[in-house]
Amino acid sequence: EPITAHDVRFTSAEPWVAGDRSAQSRVFIKNGLIVNDDQSFHADIYIEDGVIKQVGTNLVIPGGARTIDARGKFVIPGGIDTHTHFQMPFMGTVSADDFYSGTKAALAGGTTMIIDFVIPQRGESLLDAYEKWRGWADAKVCCDYGLHVAVTWWGDQVAKDMESLCNEKGVNSFKVFMAYKESFMLEDPEIYSVFKLCKELKALPMVHAENGHLIEIKSRELLHQGVVGPEGHLQSRPEEVEEEATSRAITIADQAGAPVYVVHVMSKSSANVIAKARREGKIVFGEPIAAGLGTDGSHHYNKCWRHAAGHVMAPPLRADPTTPGYLMDLLANNDLQLTGTDNCTFNADQKAIGKDNFTRIPNGVNGVEDRMSIIWEKGVYTGKMDPCRFVAVTSATAAKVFNIYPKKGRIAVGSDADIVIWNGEATRTISAKTHHQAVDFNIFEGLTCHGVPEYVITGGSIVMDEGQLKVTQGLGRFVPTPVNSQCVYGRVGTRDKIRQPEIVERDPYTGPVVEIKEED
Ligand SMILES: C[C@@H](CNC(N)=O)C(=O)O
Ligand SMILES: [Zn+2]
Ligand SMILES: [Zn+2]
Ligand SMILES: [Zn+2]
């Protein structure tokens with residue numbers, strides 16, 4: 001019987017876990033419109049010990065509760081950001097937002113859980129890398145978090161470590177890179193092996209889909225032709241370099257009998273490849289990110305080097321200005337399923353490592369604070385999706401895919417009290433001058449969005465109160481993500497039975513056979 005998230009209790013022996021949350025204050029949220037991914041309804045909520053204890057009307061609750069009047073507001077499950085890189089050692093530096101500033105910014109934007117990536121160096125034990133990331137995160141996170149693990153090299157030890165990570169460390173997802181040839185990239189046969197093992201472990205294979213060989217060749221050509229600025233980054237990785245790798249990854253996974261999750265889907269053409277594969281019945285998930293939904297790649301041509309370099313990430317933001325709207329359309333109709341941010345931020349002096357050579361600009365942009373407002377503004381306020389779909393793509397589907405639903409991603413009795421009181425009509429203007437992130441640049445600078453959190457509750461603690469943020473470092477906990485997610489693996493077993501290899505019984509060939517000539 002697959003274990004569910006409810007069964008996986010995190011027993012903390014680590015000294016750094018924040019104090020016992022069972023002393024949480026009692027909270028009573030009344031008069032709001034509760035929005036889950038499948039329905040919305042008017043009801044009140046009672047929270048105690050970090051858990052939702054009652055949902056309904058005319059509730060009888062104990063005294064001493066803090067009451068929040070959510071009249072006229074949406075009451076939604078806290079956002080889950082499936083894709084962050086806090087304090088990630090990368091391209092000669094370390095990303096500027098760490099697990100404190102990153103999770104603080106997440107809460108400021110209405111996200112109450114992030115899933116970050118353990119990225120081992122080539123040859124480094126995956127287990128050692130996991131413990132390193134745990135040590136960084138547990139002491140600093142202000143909200144709950146999970147971990148994916150990148151597979152940046154392949155061998156028997158890697159396979160053993162992947163099994164241990166699934167069985168003992170609460171990991172159920174592994175990312176392979178088809179780009180970053182110099183550091184993380186695997187070749188197709190290795191990718192097949194990783195996907196096949198993921199399938200046996202009932203873990204989710206994830207992929208960074210770009211053709212790393214073509215990127216290396218095109219980059220060298222461009223530099224040789226004197227293109228050294230950030231515009232070279234975009235030209236070295238055109239859409240078809242992402243599209244081809246997306247198609248190849250889906251084929252490799254399907255041949256391995258495995259599902260596959262394509263991270264940071266940045267282009268119309270790769271989104272179409274995913275949509276087509278899903279229509280053909282393949283088990284594929286597509287993750288667009290705040291950056292690709294909220295802005296475009298024209299900024300690579302900005303005359304200000306810092307501005308252009310501030311938009312450098314991989315796969316690149318696309319110059320086609322219809323891309324954000326197109327990705328949002330596919331997200332609205334479930335051709336794409338859920339969203340992250342790939343938040344991997346670098347200050348001007350860090351981006352400047354590549355001031356004379358675009359291949360050395362650390363790749364990555366912000367998003368963790370603005371994802372929910374961007375999707376509300378560009379998705380809900382445009383009439384492309386309704387509030388239930390908004391909850392699906394910002395929270396519920398992530399919880400289902402990573403097998404922590406309904407502990408996370410739903411407002412229901414027994415679920416964690418990760419709740420946001422959301423004002424769908426209020427607006428805020430995004431700026432690096434006012435954001436809570438540590439980075440000195442914001443790719444959404446000046447953008448005014450409808451959709452603002454007024455209260456944010458994480459693990460039962462009110463960390464945003466009438467718009468005022470008051471987070472606690474170390475309050476967040478590591479959330480184990482169990483293997484065998486129903487929405488990922490629910491149909492794989494049956495397919496295996498149907499897809500058995502065929503053997504034809506036939507009489508042996510008895511005719512002449514030519515002499516084999518040794519190669520001279
Ligand atoms: C290295 C990491 C973040 N950087 C990026 N996407 O540009 C990733 O590729 O997801
Ligand atoms: Zn990536
Ligand atoms: Zn500038
Ligand atoms: Zn990433």
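Please refer to the structure higher up on the page.
Residues numbered from 1 in each chain as written. Chains lettered and ligands numbered in written order. Predicted model: local features only at pLDDT ≥ 70, side-chain atom pairs only at ≥ 80, totals over all residues. Heavy atoms only, no water.

### Focus on the coordination of the zinc ion (ligand 2)
And then number 1: Those donors, Lys175 (NZ), His208 (ND1) and His264 (NE2), are the protein atoms that reach the zinc ion (ligand 2), and they lie 2.1 to 2.4 Å from it.
And then number 2: Here the donor residues for the zinc ion (ligand 2) map to a single chain with the spacing K-x32-H-x55-H.
And then number 3: Between the zinc ion (ligand 2) and the zinc ion (ligand 4), a spacing of 3.7 Å is present. Of this pair, histidine 208 sits in strand β14 (residues 204-208) while histidine 264 is found in the loop between β15 (260-262) and α8 (268-279), placing the two residues 56 residues apart along the sequence.
And then number 4: For histidine 208, a relative accessible area of 1% corresponds to the buried category. (Donors = N, O, S within 2.8 Å, 3.2 Å for Na, K, Ca; no water. Helix = DSSP H or I, 4+ residues; strand = E, 2+ residues; numbered from the N terminus. Buried < 20%, exposed > 50% of the residue type's maximum accessible area, 1.4 Å probe, protein only.)

### What to know about the sheet that holds strand β8 (residues 79-84)
And then number 1: Across the sheet, which stays open at both edges, the seven strands sit in the order β8-β11-β12-β13-β14-β15-β16 with parallel pairing between neighbours. Looking at strand neighbours, the two that pair on one side only are β8 and β16 (284-286), the edges of this open sheet. When strand polarity is set aside, the average angle formed by the axes of neighbouring strands in this sheet is 30°.
And then number 2: Note that strand β12 (residues 144-150) and strand β13 (residues 173-177) share two bridges and pair parallel. Within β13, the residue paired with valine 149 across the bridge is phenylalanine 174. (Pairing = 2+ DSSP bridges. Axes fitted to C-alpha atoms, helices over the stretch in contact; angles between N-to-C directions.)

### Details of the site of ligand 1
And then number 1: Around ligand 1 sit 15 residues, and of these Lys175, His208, Ala314, Asp342 and Asn363 come closest.
And then number 2: Within the side chain of histidine 85, a nitrogen or oxygen atom sits 3.3 Å from an oxygen atom of ligand 1.
And then number 3: Between asparagine 363 and ligand 1, the recorded distance is 3.3 Å, taken from a backbone N or O atom to a nitrogen atom.
And then number 4: Relative to its unbound accessible area of 280 Å², ligand 1 is 100% covered by the protein chains.
And then number 5: Grouping the amino acids of the shell around ligand 1 by side-chain chemistry returns seven nonpolar, six polar and two charged. (Near = heavy atom within 4 Å. Polar contact = N/O pair within 3.5 Å; in protein donor to acceptor, adjacent residues only side chain to side chain. Areas by Shrake-Rupley, 256 points an atom, 1.4 Å probe, with all protein chains shown as cover. Nonpolar A, V, L, I, M, F, W, Y, C, P; charged D, E, K, R; others polar.)

### Section: the sheet that holds strand β1 (residues 27-30)
And then number 1: Sheet architecture is open: four strands sit in the order β5-β4-β1-β6, paired in mixed fashion. Either end of the sheet is taken by a strand with one partner, and the two such strands are β5 (51-56) and β6 (66-69). Strand-to-strand twist across the sheet, computed as the mean angle between neighbouring axes with direction ignored, equals 15°.
And then number 2: Note: strand β4 (residues 44-48) against β5, five bridges, orientation antiparallel.

### A word on the coordination of the zinc ion (ligand 4)
And then number 1: Distances from the zinc ion (ligand 4) to its protein donors, His83 (NE2), His85 (NE2) and Asp342 (OD), fall at 1.9 to 2.2 Å.
And then number 2: Classification of the site at the zinc ion (ligand 4) rests on its four donor atoms, whose angles at the metal span 87 to 136°, yielding the label irregular.
And then number 3: Motif for the zinc ion (ligand 4), donor spacing along one chain: H-x1-H-x256-D.
And then number 4: Given the relative accessible area of 0%, histidine 83 is considered buried. (Tetrahedral: all angles 85-135°; square planar, octahedral: opposite > 155°, others 65-115°.)

### Focus: the environment of arginine 477
And then number 1: Its place among the elements puts arginine 477 in the loop between β20 (468-469) and α15 (486-489).
And then number 2: In the structure, arginine 477 is positioned 228 residues away from alanine 249 in sequence and 33 Å away in space, judged by C-alpha atoms.

### A short note on α8
And then number 1: End to end, α8 covers 16 Å across 12 residues, agreeing with the expected 16 Å (1.5 Å per residue, within 8%).
And then number 2: Among all positions in α8, only Ser269, Ser270, Ala271, Val273, Ile274, Ala275 and Ala277 are buried.
And then number 3: Looking one or two residues past α8, glycine 281 carries a phi angle of roughly 95°, positive in sign. (Expected span 1.5 Å × (residues − 1).)

### Things to note about the state of the cysteines
Here, the word disulfide means a covalent bond between the sulfur atoms of two cysteines.
And then number 1: On inspection of all chains with the given rule, the structure shows zero disulfides.
And then number 2: Left without a disulfide partner, cysteine 142 is nearest to the cysteine sulfur of cysteine 143, which lies 7.1 Å away. (Disulfide = S-S within 2.5 Å.)

### Thoughts on the side chain of asparagine 211
And then number 1: You can see asparagine 211 is positioned in the loop between β14 and α5 (212-224).
And then number 2: Here asparagine 211 falls in the buried class, since its relative accessible area comes to 11%.
And then number 3: A polar contact is formed between the side chain of asparagine 211 and the backbone nitrogen of leucine 214, at a distance of 2.9 Å.
And then number 4: A polar contact of 3.2 Å, which involves the side chain of asparagine 211, links it to the side chain of glutamate 244.
And then number 5: Here asparagine 211 is in contact with Met178, Val241, Glu244, Ala245 and Arg248, once residues within four sequence places are set aside. (Contact = heavy atoms within 4.5 Å.)

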